[in-house]
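Summary of the model geometry
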Amino acid sequence: MVKVQGLTTMAAQREWFEKDYYAVLGVSKDRQLSKTSQRHIGDLARQYHPDANAGQRSSRRDEFKDISAAYDVVRRRKETSRV
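Residues numbered from 1 in each chain as written. Predicted model: local features only at pLDDT ≥ 70, side-chain atom pairs only at ≥ 80, totals over all residues. Heavy atoms only, no water.

**Quick notes on the overall build of the chain**
- Broken down by element type, the chain carries four helices and two strands.
- N-terminal to C-terminal, the α/β element order of the chain is β-β-α-α-α-α.
- For the chain, buried positions account for 23% of its 83 residues.
- Within the structure as shown, the chain displays about 6300 Å² of accessible surface, and the carbon and sulfur contribution to it stands at 50%. (Helix = DSSP H or I, 4+ residues; strand = E, 2+ residues; numbered from the N terminus. Buried < 20%, exposed > 50% of the residue type's maximum accessible area, 1.4 Å probe, protein only. Areas by Shrake-Rupley, 256 points an atom, 1.4 Å probe, with all protein chains shown as cover.)

**Side note on the environment of Ser-59**
- Tracing the backbone through its elements, the reader meets Ser-59 in helix H4 (residues 57-82).
- Here the alpha-carbon distance between Ser-59 and Tyr-48, two residues 11 residues apart in the chain, equals 9.0 Å.

**A look at the confidence of the model for the chain**
- Residues with a pLDDT of 70 or more make up 73% of the chain, whose mean pLDDT is 76.
- No element of the chain has a lower mean pLDDT than strand S1 (residues 3-4), which averages 51, and none a higher one than helix H2 (residues 21-25), which averages 86. (pLDDT = per-residue confidence, 0-100.)

**Description of the pattern of salt bridges**
- Scanning all chains against the criterion turns up four salt bridges.
- The residue Arg-60 makes a salt bridge to Glu-63 at a minimum N-O spacing of 3.9 Å. Residue Arg-60 and its partner Glu-63 are located together in helix H4, separated by three residues, close to a single helical turn.
- In this structure Arg-60 comes out as buried when scored by relative accessible area, which is 17%. (Salt bridge = Lys/Arg side-chain N within 4 Å of Asp/Glu carboxyl O.)

Have a look at this one:
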């Protein structure tokens, strides 16, 4: 098996599948990504951006990556459900 950042590929895929990305972003699964929720996600991204938190750069970087990945997954799910 291939290692991906300390996890095997299967474990990384399982984590991706089981993770609640909506909870990471603090938005409801039932609602579309409205302007309000997109603004909220932007506020989260700015709050946890590593450049804005020089003293806590490493811990904030991980949180920022989680927020960014969660937004990508939720956005793609919404786009594919519209098709």
